[in-house]
Amino acid sequence: MSRSILASMVAAVLSLSCGEDVAGPAASLCAAQHGLEVCVDRHEYGPSGSIAVTTRNVSDAPIFKDSCGTKAVGVTNLEVAFEAVYNPRLHCGPAATKADVVERMVELDPGESVTETLRLTSFAFQGWYRVNVWLLDAEGNLAVDTPATSGIFQVFPSLRG
């Protein structure tokens, strides 16, 4: 009899540990800072996955969005701060100049949005991620010293794409 109780307890623990609440409650895929709303398309991705990132100007003035330094950043512990380092060479190459950044920045009028695709690396670790989007002024300088960010999503090595 105690063997069947033990088996029932093990089954209950396993079913609870594999339930939907393991990763916590579903969070918003969007977040807004500095007048820019940043959204990702899914709650979960696998390494090498493609992330559709939609940015929308929620302010009442034009915004210049950087296309060179947009980046998915991750942590393995939500108690740790996400990286917020601006690197325009990330997508514009090691020799990127301010002129290159200005040429590739996107001007968004109030209410306007744009969607781009970011690709996670094949060695993306399991953890929590968000996308950092940097805002520029018309001359290509950082408009604020912190990025606008997406909602938090997760990466699992067992998922494909």
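Up top you'll find the structure we're talking about.
Because the structure is predicted, anything quoted here is derived from the model rather than measured.

Asker: Sorry if this is basic, but what is going on with unusual backbone geometry here?
Answerer: Only a minority of non-glycine residues have a phi that is not negative, and only a minority of peptide bonds are not trans. Within the chain, H34 stands out as a residue other than glycine whose phi angle is a positive 55 degrees. Summarising the element assignment, H34 is placed in the loop between β1 (30-33) and β2 (36-40). With a relative accessible area of 35%, H34 lands in the partly exposed category. Residue S48 is not a glycine yet carries a positive backbone phi of 70 degrees. With respect to the helices and strands, the residue S48 is situated in the loop between β3 (44-45) and β4 (50-57). On the basis of relative accessible area, S48 is assigned to the partly exposed category, the value being 23%.

Asker: Looking at this structure, how should I read the sheet that holds strand β7 (residues 106-108)?
Answerer: The strands making up a sheet are joined through hydrogen bonds of the backbone, oriented either antiparallel or parallel. Ordered in space as β7-β5-β10, the three strands form an open sheet in which the pairing is antiparallel. Of all strands in the sheet, those with a lone pairing partner are β7 and β10 (135-136), marking the two edges. Here two bridges tie strand β5 (residues 63-65) to β10, and the two strands are oriented antiparallel to one another. Across the sheet, residue F64 finds its bridge partner in β10, namely L136.

Asker: What am I meant to see in the packing of aromatic side chains here?
Answerer: Think of a pair of aromatic rings as described by two things: how far the centres are apart, and how the planes are tilted against each other in angle. As enumerated under the stated definition, the model contains four aromatic pairs in all. Taken together, a centroid distance of 5.0 Å and an interplanar angle of 75 degrees make the contact between Y45 and F153 edge-to-face. Of this pair, Y45 sits in strand β3 while F153 sits in strand β12 (residues 153-155), placing them 108 residues apart in sequence. You can call Y45 buried: its relative accessible area is 0%.

Asker: Would you mind going over the state of the cysteines with me for this structure?
Answerer: Here is the idea: a disulfide is a covalent bond, and it sits between the sulfur atoms of two cysteines. Enumeration according to the criterion identifies two disulfides in this entry. Two residues, C30 and C39, share a disulfide whose sulfurs are 2.0 Å apart. Looking down the S-S bond of the C30 and C39 bridge, the torsion is 115 degrees, so its handedness is right-handed. The side chain of C68 participates in a disulfide bridge whose partner is C92; the two sulfur atoms lie 1.8 Å from each other. Judged by the torsion about the S-S bond (-70 degrees), the C68/C92 disulfide is left-handed. Residue C68 is found in the loop between β5 and β6 (71-75), and its partner C92 is found in helix α2 (residues 89-92); the two are separated by 24 residues along the sequence. Of the residues examined, C92 reaches a relative accessible area of 16% and is grouped as buried. Numbered by order of appearance in the sequence, the disulfide-linked cysteines of the chain pair as 1-2, 3-4.

Each value, and the rule that gives it
- Residues numbered from 1 in each chain as written.
- Predicted model: local features only at pLDDT ≥ 70, side-chain atom pairs only at ≥ 80, totals over all residues.
- Heavy atoms only, no water.
- Helix = DSSP H or I, 4+ residues; strand = E, 2+ residues; numbered from the N terminus.
- Buried < 20%, exposed > 50% of the residue type's maximum accessible area, 1.4 Å probe, protein only.
- Pairing = 2+ DSSP bridges.
- Phe/Tyr/Trp six-rings, centres within 6.5 Å; stacked < 30°, edge-to-face > 60°.
- Disulfide = S-S within 2.5 Å.

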